[in-house]
Each structure stands twice: as structure tokens, then as C-alpha cells.
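# Coordinates in review
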Amino acid sequence: MVTHRTLYGAPKPPDPLREALVPHHAPQPEPAHPTRLLIVVVIALLTLAGLAYGGGIAVDRILEQRRIEARMGPKPHLAQLPAMEVPLGGSRAVEMQVSLVLAPKVTADRVLRYQDRIADRLFQTIGQTDSEILTGPGSATFLKARIRDAVNREAGTGLIRDIYIERMVVK
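Think of each chain on its own: its residues are numbered from 1, step by step along the sequence as written. Where totals are concerned, whole chains, interfaces and linings use all residues; where local detail is concerned, this predicted model gives features only for residues with pLDDT of at least 70, and gives and counts side-chain atom pairs only at 80 or more. In computing side-chain properties, one takes all heavy atoms of the structure into account and sets aside hydrogens as well as water.

Helix and strand content of the protein: 6 helices and 4 strands. Strands are runs of DSSP state E lasting at least two residues, helices are runs of H or I lasting at least four, and both sets are numbered from the N terminus onward. Starting at the N terminus, the α and β elements of the protein follow one another as α-α-β-β-β-α-α-α-α-β. Accessible surface, the protein as shown: approximately 13300 Å² in total, 59% of it carbon and sulfur. Surface accessibility in these figures is a Shrake-Rupley result with a 1.4 Å probe; residues are shielded only by whichever protein chains are displayed.

Moving on: the pattern of salt bridges. When the charged atoms of two side chains with opposite charge come close together, those side chains can pair. Salt bridge, as used here: a side-chain nitrogen of Lys or Arg that lies within 4 Å of a carboxyl oxygen of Asp or Glu. Considering all chains together, one arrives at 7 salt bridges under this definition. A salt bridge links E154 to R121; its shortest N-O distance comes to 2.7 Å. Taken together, the residues E154 in helix α6 (residues 139-154) and R121 in helix α4 (residues 115-127) connect sequence positions 33 residues apart. Partly exposed residues are those whose accessible area sits between 20% and 50% of the maximum for their type, while under 20% is buried and over 50% is exposed, using a 1.4 Å probe and protein chains only. Its relative accessible area of 22% is what places R121 among the partly exposed residues. In this structure, R146 and D149 form a salt bridge, with 3.9 Å as the shortest nitrogen-oxygen distance.

Mapping L134 onto the fold places it in helix α5 (residues 131-135). For the pair formed by L134 and M168, sequence separation is 34 residues and the distance between their alpha carbons is 9.3 Å. Discounting residues that sit within four places of it in the chain, L134 has contacts with L88, V94, I126, T129, S139, F142, M168 and V170. When checking whether two residues touch, look at their non-hydrogen atoms; a contact exists if any pair is within 4.5 Å.

Expected helix span is computed as 1.5 Å times (number of residues minus one). Here α6 spans 23 Å end to end across 16 residues, near enough to the 22 Å set by a 1.5 Å rise per residue. Among the residues of α6, those classed as buried are S139, F142, L143, I147, A150, V151 and E154. For α6, the angular spread of the buried residues around the axis is 165°, confining them to a single face. Of the exposed residues in α6, those oriented more than 90 degrees away from the buried face are T141 and R153. Just beyond α6, the residue with positive phi is G156, at close to 120°. In this context, the arc is that of the directions from the helix axis out to the C-beta atoms.

Together, L37, V41, L45, L48 and L51 give the surface a local cluster of nonpolar side chains, amounting to about 510 Å² of exposed area. With respect to the helices and strands, the residue V41 is situated in helix α2 (residues 34-72). Each patch is built from salt-bridge-free residues with over 30% relative accessible area, joining like charges within 9 Å and nonpolar side chains (Val, Leu, Ile, Met, Phe, Trp, Tyr) within 5 Å.

With that settled, consider the nonpolar core. If you look at the biggest cluster of nonpolar residues, it comprises 27 residues, and the most contacted ones within it are M96, L100, L122, I126 and I147. The residues touching M96, leaving out its near neighbours within four places in the chain, are P82, A83, M84, V86, L122, I126, L143, R167 and M168. Throughout this description, the term nonpolar core refers to a set of buried Ala, Val, Leu, Ile, Met, Phe, Trp, Tyr and Cys residues connected via side-chain atoms within 4.5 Å.

Put into C-alpha cells, the structure is as follows:
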């Protein structure tokens, strides 16, 4: 006869008298209480309803964004030049913040690596202009033309589509 050994020694042999008195069936689990079962089902249903509501909101936002893009086109890729203050003749200066709308396959890095040279070119061209040109009608068009010339000359042509003047203050 083979004995089964464990780490703690041989197991105790079964007691035949004790087995005869105790029946060999597993204890029956207690039946679930109806209110406890009802609470679990209600919580599960509320969780599923919350998930469905959140998913519906997410799908609605995605569809709304697609409708906007279909109507207006995709968001433009922007390259933001650093804020500049260009001194004008006398004690006047112009503060400006400019963003460049890039062509479809152009990355912002391709233009922004020349931002110091673009800024130098703008200091030269805008610094030589009269302050009345920058405060009169058509000043934004004038400034956009000078920025476009500076970008085309320093970074290359065909990189930008449009120019957004986010801030322009003549002091």
C-alpha cells in the first residue's frame, strides 16, 4: 500500500465510525433573498443604462464633428510664430501674434525652423514702414503681404495657404 505524504507528514487515516455517522453531502447554499436579488438586477440595469447613455453622447459628438468637417472642411494645420514687437519710426511699435495656415502636406517644423530668420526679415520690412500705414484701413492686408513675403523668402514658396493675425497692436 502506498501512503500519500505531504510536507507535514502522512495524512491521518479516515475514521470509519465517524464517516458512518456524518452524511457525505455538501452543505446547501442559502437561497438568495428576493430583495437582494432585485437590488443586484437594478444596479446592473442602471450601470448598463449609464454606459449606453455615455456611448450615445460619444457617438453624437463624433457625428457632429464629421458634419462640421463635411460642411467647413478639416481643421487647418497651423504654425504659430512667436509674439513679436517691432519698433517703428519714433517711439511707436507694433505688437503682433501671427499663425500661419500650412499647406496640406507641410509640417509645422518645416516652417518653424526658420522662425528666427522670418522674424529678422519682418523686423527689417515692417520697421521701415510708417505707423500710419499700420493704423489705417488695409493695415491687415499690408501686414499679411509682408509676412507672406518673409516666409516665402526665408522658408520657401508653397508652404503656407493663409495667415491669421491673432493680435496686432500699434503702440
